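Secondary and tertiary structure notes
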Amino acid sequence: MVRTGKRPRLPPWLVAPAFVVGVLIVLASFVLAIVPGKIVHYGPIDVDTTARMVAPCVAHPFGTDNYGRDIFSRVVYSARIDLQIGILGMIVPFVVGGVLGLLAGYFAGVLDSILMRIIDILMAFPFTILVIVIMTILGQGIRNVYIALWLVGWMSYARLVRGEVLVLKNCEFIQAAQVAGFSTRRIIFRHILPNVISSSVVFAASDVVLCMLTGASMSFLGLGVQPPTPEWGAILNEGRGYISYAWWITFFPGLFLAVAGVGFSLIGDGLTDFLRTKGR
Amino acid sequence: MEKLLEVKDLRTYFPFRGEIVKAVDGVSFDICEGETFGLVGESGCGKTQVCRSILSLVKKPGKIVGGQILYRGRDIVKMNREEMRSIRGREISVIFQEPMTSLNPVLSIRRQLFEVFDGSDMSRAKKYERAIELLRMVGIPSPETRIGEYTHQFSGGMRQRAMIAIALGAKPSLLIADEPTTALDVTIQDQIMKLLAELKRELRMSIILVTHDLGVIAQMCDRVAVMYAGMIMEMTDVVSLFSKPRHPYTHALMGSLPNPKKVGYELVAISGAPPNLADLGPGCPFMPRCRYAIGLCESARPELVEIGGGHSTRCHRLDVVADFEGIIPVATPAEGN
Amino acid sequence: MCVLARLSCSRLGGWAPVNQLNYVIRRVLQIIPVLLVVSVLIFLMLRLIPGDPARLMLGDKAKESAVAALREKLGLTRPLPTQYVIFMKQILSGDLGTSLTYQRPVAELLKDRLPITVSLTLASTLLSLLASFPLGYFAAKHKDRAGDQAVRATALVAIAMPSFWVALLLMILFCVKLHWLPVGGWGSTLWEQARALILPAFTQSLMTTALLMRNIRNSVVDITVMDYVDFARSKGISEAAVRNRHIFRNAMISTVTLLAMRMAYMLGGSVIIETVFSLPGLGKLMVDSIFGRDYTVVQSLVFLFAFMVLVINLLTDVIYSLLDPRVSF
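The rules behind the values
Residue numbers run consecutively from 1 along every chain, following the written order of its sequence. A letter from A marks each chain and a number from 1 marks each ligand, given out in the order of writing. For this predicted model, a pLDDT threshold of at least 70 governs which residues receive local features, and a threshold of 80 or more governs which side-chain atom pairs are given and counted, while totals over whole chains, interfaces and linings are taken from all residues. We count a stretch as a helix when DSSP gives it H or I for four or more residues in a row; a strand needs E for two or more, and each element gets its number in order from the N terminus. In this scheme the burial state of a residue depends on its C-beta neighbours within 10 Å: 20 or more other such atoms mean buried, 12 or fewer mean exposed, and anything in between means partly exposed; the C-beta positions come from the backbone. Contacts are defined on C-beta atoms placed from the backbone: any two residues whose C-beta positions lie within 7 Å are in contact. Here, strands pair whenever DSSP counts at least two bridges between them. Expected helix span is given by 1.5 Å per residue-to-residue step, counting one fewer step than there are residues. The quantity called bend is, for any residue, the angle between two axes fitted respectively to the seven residues ending at it and the seven beginning at it. Residue polarity is assigned by list, with Asp, Glu, Lys and Arg as charged and Ala, Val, Leu, Ile, Met, Phe, Trp, Tyr, Cys and Pro as nonpolar; anything else, Gly included, falls into the polar class. Each residue carries a pLDDT value, the predictor's own confidence for that position, ranging from 0 to 100.

Within chain A one finds ten helices and zero strands. Scanning chain A from its N terminus toward the C terminus, one meets helices and strands in the order α-α-α-α-α-α-α-α-α-α. Summarising its shape, the C-alpha atoms of chain A cover approximately 80 × 55 × 30 Å along the three principal directions. By the burial criterion, 46% of the 280 residues in chain A qualify as buried.

The interface is formed by 36 residues belonging to chain C together with 32 residues belonging to chain A. Residue contributions to the side of chain C that touches chain A peak at eight residues, all from helix H11 (residues 239–277) of chain C.

Below, the discussion takes up the sheet that holds strand S6 (residues 92–95) of chain B. Residue and element names in this part refer to chain B. Pairing is mixed across the open sheet formed by eight strands, whose spatial order is S6-S7-S8-S3-S9-S10-S12-S11. Each edge of the open sheet is held by one strand with a lone partner, namely S6 and strand S11 (305–306). Note that strand S9 (residues 223–228) and strand S10 (residues 231–237) share six bridges and pair antiparallel. Each bridged residue has a counterpart across the sheet, and for Met227 the counterpart in S10 is Ile232.

With that settled, the discussion passes to H11(C). Residues and elements named next belong to chain C. Over its 39 residues, H11 extends only 44 Å from the first C-alpha to the last, a length that falls short of the 57 Å expected when each residue adds 1.5 Å. In H11, a bend of some 40° at Gly269 exceeds every other bend along the element. At the exit of H11 stands Ser278, carrying a positive phi of roughly 50°.

Right, let's talk about the interface of chain C and chain B for a bit. One widely used convention gives an interface's size as the accessible area the parts lose upon coming together. Taken together, the 23 residues of chain C in the interface contact 28 residues of chain B. Counting only elements with at least two residues in the side of chain C that touches chain B, the list comes to helix H10 (227–234) and H11 of chain C. Of all the elements, H10(C) adds the most residues to the side of chain C that touches chain B, at seven residues. Tallied by class, residues from the side of chain C that touches chain B come to ten nonpolar, five polar and eight charged.

Another point: the confidence of the model for chain C. All names here are of chain C. In this model, chain C carries an average pLDDT of 83, and 93% of its residues clear a pLDDT of 70 or more. Note on residues 1–15: pLDDT under 50 across the span, and 13 contacts to partners over four residues away in sequence or across chains. As a predicted assembly, this complex carries a pTM of 0.84 together with an ipTM value of 0.87.

Next up on the list: the environment of Gln68(B). Following the sequence through the fold, Gln68(B) ends up in strand S4 (residues 63–71). When residues no more than four places from it in sequence are discounted, the contact partners of Gln68(B) are Lys8(B), Asp75(B) and Val77(B).

Right, dumping it as structure tokens:
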């Protein structure tokens, strides 16, 4: 259908309220992560024995814990750690898994079989169990959280990309490029990659949330971040013993975790809409 | 003959991205008992939406916004869901263009046949017997074996036959066939057409046959309406249509048919493209592509007028169209009827 | 949808029950090599932990002689392949070793705790299914309108909420403030156990409900505009018949696959949920054993989890092949 010329407008997916909210939330979390000091008065590990277990008030908007540490400061300073876990935990599997999937899908054969076998075997373990086992072997600490996330996360991207490559391989424009004698590298990176990457990008948004939650879970169990480093899951764990009378220690870190997760998810949804309008 | 179906000024519109697409814009026709009525036109002219409107199966967000569809005197447009259900299948049935996507891939053919008998008080055995009978009637070999199979196990022609069997299961008086052979190859096409003709005779059904193939119209239909841009451009009996077309569009369609007498000549196509149904303008929709268009054609939409002998046309240039020659000779008064 | 009736009608010209059985047998056999590789991985796991396993298990304060004795008992002094053979022999004969922390055979521990984790996972799955179908259908029917947006927004939030946070908040509300439900632990009677499962199963089901709902909504939206739905309607059958026989039947197919993935994830999630609610299940045992350096238990647990996931996948494949006749045997 031919449309009459209209004034160029911003595409609907970009100005969708949900997407905008998501972007705002994520930007806000970046601000918290980058310049926490400008927002809070206290340091994250500053102890104040005169103000233990104080309920939320003006001086301590999120209350204090049993050491007298200001929960608001702790929660804000945690943003940096949790965001790092989320984003860095996603990036490495995105790249590594994506490349592996690309190569396996394009060259097929032995490489593909081996890769798929490995993934099948690893997929026999529940995700959280795999992460916990790796943490057990490597030991506690945030660095090992990253390693565990990297070792487990690549599989989803590999499968996604491989699936798309397999479909695309049979498309005529790829066959045309092959016949035209383009170098393999050129075909893979200039022709195939741009077309298969979109589902991974969408998945990446929800993967950030998954990585954040997993990192927080590990810290919650006591395996990840070590005290006194502030991290949303860790603070939640600290508050567990006092839930009956100091609800604020568990409430606020979880809230921030949830809101950050919502922000990234909204961005992911916006990206899905964007890709849909591009006709994928 | 009693009128089975009377469509009066049917309008079916689709809201789309802020515009209104007028898929069916003032269509009127009647069908008598036992008649085969052809609806012919290019893709996008609205013929499928007419069919869907008759059974209230227009896909959202489209809806019937005006007009009446009288089936044996009762207005379908105003019916509620219960009344509609009693009409569907039992009085009016439809078969679609693509049998692969029109049959549920995960249900057996038997299940899909049995569904037709929902609400009747037939025993399982009776339903089975009737189902086998139906499959046999449409020419599916070894129906006892094939009845338990699934859509993907049938060939294209078989699927279409199965769909016909299902559509005829509750003995409807009117069958709407929406391009029943477009998706099939030519030999199968012929078989299916012959099957429909035979069934029509045996079951004394009326058929609305939708197609873009003039050959099929010639083979099967009693009366024909030519549609363009959601409107009927010309309507008459099939012989008159081919011997004395009275509309530039119809004339152009005939002209574009390959003619065995004109071997070696270029095929004539109609220049231009089908119009944007959301943005038609006040004049005749065919005007941009019409050789005979005058100023009036751009500013005023012609009405569908009767020009004698049950023949109607929608054109301002009645003077010009009266001289059109068809592709078969005109029957002399002695031979006619 | 009578499975037996389906099996009895001829498909692919062959006798259907035999085809089906062949498929199941083949799938079961396919599990075996995977289990073997899994066992090798798990076997190596214990040996990968830095440091001497025996020393790690007994702690720094243990006497050297005790450590040496344990080392001998665990067979750690033998060559690696021999250790593996012993390891496999033990597993196959049901001897999974003894737990240091509990001083009981591991097999017994697992047997005691398995029903709890299984009940939790099944309860969560059931809750998710019960909630997601109606919600998904509702969202699809109100596509892009207020109802759809509301359901999808809620789902989005549900996915982002950390399970341990929700668990604790629910605990505060229902156990501490309202005293309606026990704070944790398992009961002895069926009734007590059911009550103990309510909050954990609900917490765990949230994310799965949200994901399933989304999948069902999209499936229903895609299916509703298919020609076969219109054709079915044109036969004059009831709207309920259209919905159940045509829309849901086809929507279930992709849902089944997703459900299997979620069940596997929830098995892993039991680690968190059981810890928060103090349920004596496999998940909690895992966490306790890791901290207690009781690696014999950890080893067997990981194996058991993998086995359960493989069984879930097998069942899913079989159910899928029953639902979708296009899947050839």
